[in-house]
Amino acid sequence: SQKIEQNSEALNIQEGKTATLTCNYTNYSPAYLQWYRQDPGRGPVFLLLIRENEKEKRKERLKVTFDTTLKQSLFHITASQPADSATYLCALETGANNLFFGTGTRLTVIP
Amino acid sequence: NAGVTQTPKFQVLKTGQSMTLQCAQDMNHEYMSWYRQDPGMGLRLIHYSVGAGITDQGEVPNGYNVSRSTTEDFPLRLLSAAPSQTSVYFCASSQPGGNTIYFGEGSWLTVV
């Protein structure tokens, strides 16, 4: 069965630095992979989608890479700010836009 | 912009009771789905629908029923609530083709 590992449960980083979150998966390679942000008591909010034929995607201070050989995606937040503190979820597409989620990494940006 | 609306936000049920979690979207999305989120686990797919009149099971469907009589609504029914169904439930909607998936704000359910 599919399995996703996100590098750590929690990550603390100094303001202004680049945060790098890792998502490793096993078994089949999905058609696309998504990253979401979730704040306490709220629903997940879509950030970025990267398809299997794309190596890298950027959106403002966010960058995602997708290596289907390594079965890994990296999620970067450059020039991090305290407002970036949240839990970030990696999710693989399993068909019909359904997603298989990792457990998330809780990022804290320290002023 | 309502997006995906879930009701109720919070609910406490007794074991054996039944209830329906409501989900409505105003974006004319074809795809809708229900997930549950438990501590230490990723969101898990319960049921999904690719259009009105079409539903299918996800990873953890037991104890839940769904129907999709309209494009807008996708209710989730708990037939006989059990403490193991204590969780946070999220409804989601999207258009086909790997587009952005929109989630509701969640429904917190406690079964005692």
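Higher on the page you've got the structure.
My aim in this report is to walk through the structure given alongside it, one point at a time. Just so you know, these numbers come straight off a predicted model, no measurement behind them. (Residues numbered from 1 in each chain as written. Chains lettered and ligands numbered in written order. Predicted model: local features only at pLDDT ≥ 70, side-chain atom pairs only at ≥ 80, totals over all residues. Heavy atoms only, no water.)

Some points on the interface of chain A and chain B
Filter applied, for reference: A contact between two residues is defined here by any heavy atoms of the two lying within 4.5 Å. Note on definitions: buried area is the accessible-area loss of two parts on being combined, 1.4 Å probe, summed for both. Salt bridges are identified by distance alone: a Lys or Arg side-chain nitrogen within 4 Å of an Asp or Glu carboxyl oxygen. Two N or O atoms count as a polar contact when they lie within 3.5 Å, although within protein this holds only if one can serve as hydrogen donor and the other as acceptor, and sequence-adjacent residues are included solely when both atoms are side-chain atoms. Secondary structure is summarised from DSSP: a helix means a run of H or I of at least four residues, a strand means a run of E of at least two, and numbering begins at the N terminus for each. Under the scheme applied, nonpolar residues are Ala, Val, Leu, Ile, Met, Phe, Trp, Tyr, Cys and Pro; charged residues are Asp, Glu, Lys and Arg; polar residues are all the others, including Gly.
With 20 residues of chain A in contact, the opposing surface of chain B contributes 26 residues. For the pair chain A and chain B, the summed buried surface comes to about 1700 Å²; carbon and sulfur atoms form 53% of the total. Sorting the residues of chain A by area buried against chain B places Asn97, Asn98 and Phe101 of chain A first, and these three jointly supply 31% of that buried surface. Salt-bridge contacts for Glu105 of chain B lead to Arg42 of chain A; the nearest nitrogen and oxygen are separated by 2.9 Å. Across the contact surface, chain A and chain B share six residue pairs in polar contact (both at pLDDT 80 or more). Of all elements in the fold, only strand E4 (32–38), strand E5 (45–51) and strand E10 (98–101) of chain A reach the threshold of two or more residues within the side of chain A that touches chain B. Of the residues that constitute the side of chain A that touches chain B, the class distribution is 10 nonpolar, eight polar and two charged.

What to know about the sheet that holds strand E3 (residues 19–25) of chain A
Residues and elements named next belong to chain A. Note the threshold: Here, a strand pair is defined by DSSP locating no fewer than two bridges between the strands. For helices, the fitted line uses only the C-alpha atoms of the stretch in contact; every axis is such a line through C-alpha atoms, and the angle between N-to-C directions lies from 0 to 180 degrees.
Pairing in this open sheet of five strands is antiparallel, and the strands run E1-E3-E8-E7-E6 from one edge to the other. Here the strands that pair on one side only, and so sit at the sheet edges, are strand E1 (4–6) and strand E6 (56–59). Here the strands of the sheet are splayed against their neighbours by 15° on average, with no regard to which way each runs. Sheet topology note: the E1/E3 ladder contains three bridges and is antiparallel. The residue bridging Gln6 from the neighbouring strand is Cys23, located in E3.

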